[in-house]
Amino acid sequence: MTVMRVEIPPACAGLLRPARYKILYGGRGSGKSWTVARVIVAMAAARPMRILCCREYHSSMADSVRRLLSDQIAALGLGPWFRIRENLMTTTCGSEIVDFH
């Protein structure tokens, strides 16, 4: 796979700093969800990792997070590297993106 560049708004730059947990706060329309989804998809496609996806105001990943991640997978052309199931996404390199609800 070739190296992928993903644009990060300055408000979300903390996503790239090493940390066990990453939490973003902010208002609607700030691009947090879209940016986080794009970064998660790019990172999961690049190397094996386990990612837990949670969202405060939805009852399940199917309500919002899974759709957002699926849209970013398609936008980045990474469909062949991902397997999308109801509560779990896996990649050919061994990553898992897990739903918590």
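Residues numbered from 1 in each chain as written. Predicted model: local features only at pLDDT ≥ 70, side-chain atom pairs only at ≥ 80, totals over all residues. Heavy atoms only, no water.

(A) Expanded view of the nonpolar core. Val 41, Ile 51, Cys 53, Leu 69, Leu 78, Phe 82 and Ile 97 are the most contacted members of the largest nonpolar core, which totals 16 residues. The set of elements that each furnish at least two residues to this core consists of α1 (32-46), β1 (50-53) and α2 (65-75). Per element, the largest residue contribution to this core is five residues, and it comes from α1. Those residues in contact with Ile 97 that lie beyond four places of it in its chain are Ile 40, Ala 44, Ile 51, Cys 53, Leu 69, Phe 82, Asn 87, Leu 88 and Met 89. (Core = buried A, V, L, I, M, F, W, Y, C linked by side-chain atoms within 4.5 Å. Buried < 20%, exposed > 50% of the residue type's maximum accessible area, 1.4 Å probe, protein only. Helix = DSSP H or I, 4+ residues; strand = E, 2+ residues; numbered from the N terminus. Contact = heavy atoms within 4.5 Å.)

(B) Spotlight on the side chain of Thr 91. Its location among the elements puts Thr 91 in strand β3 (residues 88-91). At 3.4 Å, the side chain of Thr 91 and the backbone oxygen of Ala 44 are in polar contact. In this structure the side chain of Thr 91 is engaged in a polar contact, spanning 2.9 Å, whose partner is the backbone nitrogen of Ser 95. Here Thr 91 is in contact with Ala 44, Ala 45, Trp 81 and Phe 82, once residues within four sequence places are set aside. (Polar contact = N/O pair within 3.5 Å; in protein donor to acceptor, adjacent residues only side chain to side chain.)

(C) Broad picture of the sheet that holds β1. Read across the sheet, four strands follow the order β1-β4-β3-β2 without closing on themselves; strand pairing throughout is mixed. The two strands at the open ends of the sheet, each matched to only one other strand, are β1 and β2 (82-84). Direction aside, the axes of adjacent strands within the sheet are offset by 15° on average. Relative to β3, β2 runs antiparallel, the two being bridged by three bridges. Each residue of the ladder has a partner; that of Phe 82, found in β3, is Thr 91. (Pairing = 2+ DSSP bridges. Axes fitted to C-alpha atoms, helices over the stretch in contact; angles between N-to-C directions.)

(D) Inspection of the side chain of Thr 35 at higher detail. Within the secondary structure, Thr 35 is located in helix α1. Once residues within four sequence positions are removed from consideration, Thr 35 is found in contact with Glu 7, Ile 8, Pro 9, Cys 12 and Leu 15.

(E) Main features of the pattern of salt bridges. The tally for this structure, following the rule as stated, stands at two salt bridges. In this structure, Asp 71 engages Arg 67 in a salt bridge whose closest nitrogen and oxygen atoms are separated by 3.3 Å. In this pair, Asp 71 and Arg 67 both sit in helix α2, four residues apart, roughly one turn of the helix. By relative accessible area, which is 57% here, Arg 67 ends up exposed. (Salt bridge = Lys/Arg side-chain N within 4 Å of Asp/Glu carboxyl O.)

Coordinates in, geometry out; function isn't part of it.
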